[in-house]
Amino acid sequence: MRVALFVTCVNDLAFPQAGIATVTLLERLGVEVEFPAAQTCCGQMHYNTGYPDEARPLAEKFARDFAGYDAVVAPSGSCAAFAEHIHPELAPSAVGGTPPVYELTAFLTDVLRVEDVGAYFPHRVVYHPTCHSSRLLGLGERPLRLLRAVEGLELAELPGADECCGFGGTFAVKNPDVSTAMGRDKLAHAVEAGAQFLTAVDNSCLMHLGGLARRVGEQLTTIHLAEILASSTRSGSGR
Amino acid sequence: MSGTFVGMPAFPVAARASTRDAVLRANLARATHTIRHKREQAVGELADWEALRAAGAAIKDRTLRHLDHYLLQAEQQVTAAGGIVHWARDGEQANRIAADLIHATGQREVVKIKSMATQEIGLNEALAAAGITAYETDLAELIVQLGGDRPSHLLVPAIHRNRTEIRQIFREQMGAWGRPAPQDLTDDPAALAEAARVHLREKFLRAQVAVCGANFLIAETGTLAIFESEGNGRMCLTLPHTLIAIVGIEKLIPTWRDLEVFSQLLPRSSTAERMNPYTSFITGTTHGDGPQAFHLILLDNGRTHALADPIGRQALRCIRCSACLNVCPVYERAGGHAYGSAYPGPIGAILTPQLRGLTSALDASLPYASSLCGACYQACPVAIDIPQVLIHLRAQATTRPGHRAERAAMRATRWLMLRPKPFAAAARLTARTRRLHPTRLPGPAAAWSATRALPRAPEQTFRDWWAKNHTPPAPRDTTTPTPRHDTRQQQEGA
């Protein structure tokens, strides 16, 4: 099976460690992953902000970049959902031959059929189900099943887990007060749960939550789920 | 405070004040979370909920597709049953027709059943200008009216008020509108309800004219269906001599059989009840029983404009249950007033710009009043894909003035992202200059950095890491040794 990594522009530029962790994890599980270097962005920001004409060529480019692979894996629920659900209606003629785009945890549980990936992460963690990964992709329990299998990890329940964190792409800057209020409530719930780490499958949401936490000096670290799953006993004690 | 929404600021500005109002935030959080959980239970009881939801959407879509036919059928049936049908292109026409009808009765006051359509067109204010006093008889609408306030929720228009505030409004304002509240009124819910009951009873017994809306208008018999909880609607529908109904043209359903679906969808989604306490049906007039004169004003007011839009028209399926408000994290923080119309929350964000157009700063800001989390779509009993319509309306909003800089930025990023080499170079430059990055951003991006630390720029981009650690893709049948990576070395915030 030819598997391509779609790292996403946000991870490429700001959170390479999520991409590195994804590669590490997939290779540890025996998947030879390729990185088509021409890839850039799926166009979600353009489309969701109201610029479909700017997004369309990016959807077409995505189809060209990933043509010929058997599967595309992305460490992002939001970008995977956009490519899976919106690209076909945005650029119907181009997208026909695109392979299925999997969010990382769905690829692990549904294609590789693994839950215990041999990770070790001895910390108290809450999982925030990001809106697009849960409502558009329907990830459901998949990420939780993976987390429960991580050695040493103490999974705490996040109150109001299914509520949006307030990121919402350009919503975060167009409605900064409401966005901030939503994010602070989410952080308060994580702190209430006694978590050291807040994890999710989308670094865009984590960038918002992590930024809010750091600005007020909150002792809570945001971490992409791929990084937890890539933390192995082999490479040390996590953090 | 004015009773209308004219001159409201854009959503983000109005929402800012709400997010800083601790009492409002607490009132809204408590109320929405309570209804939210009750709705989940009420909906969870029905094994065929998703089928009902699909049926509701299908019935509404079919009706809207043949709206011309069903409207004429309804007119014919209402007329045959002794009613008189009036057609109103917009709110102003509807208000004028209503005022003229009331003047013709010689009356100067009317009692009202809670109605979103009359809130939408500002009927009370128009009647006041014509010398007619309209008395709201729904408890929450009464609180809003006495408080000189505006509704902030479809179902619970006074959701932004707590008991203590309601007690104060009753004590200070009831006397100016009729029977005063007792001086020793407490904030016990039963005492507040009793004060309202006694105050309203006078109005019911005196009124000769009532104004109502409708939840549904059944075309095959010309029957209005009114779903309510308090019984005030039943009073208004039976006691006065003249009944004037103002009904949006999207309220039609073809047959009584169709009502079977909606009489399950609406109460469970709205009040989280299996069945609402009072459901009234009115078909024209009956000699010696109920209203002896019945007028139906069919209201367009932008609805045909929405109907012409293949994606936007699904907003006309709405049955005004308010489930989308109760699950919306933006509504919970911004409050209903920030939406600047009778229709707050997610449904308002897609309905108002279609009914009124995207011309005002407020209306143009409404499609952006959402994080696109999708909770509304999930809760909607007629499966309106609100995020889809929001994005569709955003694409219309960006063609209007005021988006030049944003459009240029979108074009520039699209240009760069279509060109991997310049993209990689720009990304590399960003990483190399990481020590020079400011902690606060200028321009529109300041809205990000005002409350959020920027992510620390990594030492290298992912693609640079890949280029250093992976040899170019070799022929697939050769086995390349797996490189070792230390993922921990560059974790954010480490």
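Residues numbered from 1 in each chain as written. Chains lettered and ligands numbered in written order. Predicted model: local features only at pLDDT ≥ 70, side-chain atom pairs only at ≥ 80, totals over all residues.

Student: Is there a simple way to explain the overall build of chain B in this structure?
Tutor: Along its length, chain B carries 23 helices and 10 strands. Overall size of chain B, expressed as C-alpha extent along the three principal axes, is 95 × 55 × 45 Å. With 494 residues in all, chain B has 49% of them scored as buried. The long-range fraction of contacts in chain B, counting pairs at least 24 apart against all pairs at least 6 apart in sequence, stands at 75%. (Helix = DSSP H or I, 4+ residues; strand = E, 2+ residues; numbered from the N terminus. Buried ≥ 20, exposed ≤ 12 C-beta atoms within 10 Å, placed from the backbone. Contact = placed C-beta atoms within 7 Å.)

Student: How should I be thinking about the domain arrangement of chain B in this particular structure?
Tutor: Where interface size is given, it is often the accessible area lost as the parts come together that is meant. All names here are of chain B. Annotation of chain B at the domain level lists domain 1 (1-17 + 322-427) and domain 2 (18-304). Each of domain 1 and domain 2 has a C-alpha centre, and the two are 28 Å apart. Each side of the interface is counted separately: domain 1 has 28 residues, and domain 2 has 38 residues. Looking at the side of domain 1 that touches domain 2, the elements that each hand over two or more residues are α1 (11-19), α14 (323-327), α15 (329-334) and α16 (345-356). For the side of domain 1 that touches domain 2, the element with the most residues is α14, which contributes four residues. For the side of domain 1 that touches domain 2, the per-class residue count stands at 16 nonpolar, eight polar and four charged. (Domains from an automatic or database assignment. Nonpolar A, V, L, I, M, F, W, Y, C, P; charged D, E, K, R; others polar.)

Student: Even after reading the chapter, I still don't get the packing of helix α4 (residues 52-66) of chain A against helix α20 (residues 404-417) of chain B, so can you show me in this structure?
Tutor: How two helices sit against one another is set out by the angle between their axes and by the gap between those axes. Remark: α4 of chain A packs on α20 of chain B, axes separated minimally by 10 Å, with the N-to-C direction vectors making an angle of 10°. Here α4 of chain A is positioned roughly parallel relative to α20 of chain B, judged by the angle of their axes. Residues Glu54, Pro57 and Leu58 of chain A of α4 of chain A form the contact with α20 of chain B, whose participating residues are Met410, Arg411, Arg414 and Met417 of chain B. Across the contact of α4 of chain A with α20 of chain B, the residue classes tally to four nonpolar, no polar and three charged. (Axes fitted to C-alpha atoms, helices over the stretch in contact; angles between N-to-C directions. Parallel < 35°, antiparallel > 145°, perpendicular 65-115°, else oblique.)

Student: Which parts of the structure should I look at to understand the interface of chain A and chain B?
Tutor: At the interface, 63 residues of chain A touch 59 residues of chain B. If one sorts the elements of the side of chain A that touches chain B by residue count, helix α2 (residues 16-28) of chain A sits on top with eight residues. Residue composition of the side of chain A that touches chain B, grouped by class: 32 nonpolar, 18 polar and 13 charged.

Student: Help me understand the confidence of the model for chain A in this model?
Tutor: Detailed reading of the predicted model is not advised wherever pLDDT is low. On average, chain A scores 95 in pLDDT, and the residues at 70 or more come to 97%. For the stretch residues 235-239 of chain A, pLDDT sits under 50, and the model shows 10 contacts to residues farther than four places along the chain or on other chains. (pLDDT = per-residue confidence, 0-100.)

Student: For this particular structure, what's the right way to read unusual backbone geometry?
Tutor: Phi is mostly negative for residues that are not glycine, and the peptide bonds are mostly trans. Residues and elements named next belong to chain B. Although it is not a glycine, Arg320 adopts a positive phi angle of roughly 60°. Here Arg320 lies in the loop between α13 (303-307) and α14. A positive phi is found at Ser322, a non-glycine position, where the angle reads about 80°. By secondary structure assignment, the location of Ser322 is in the loop between α13 and α14.

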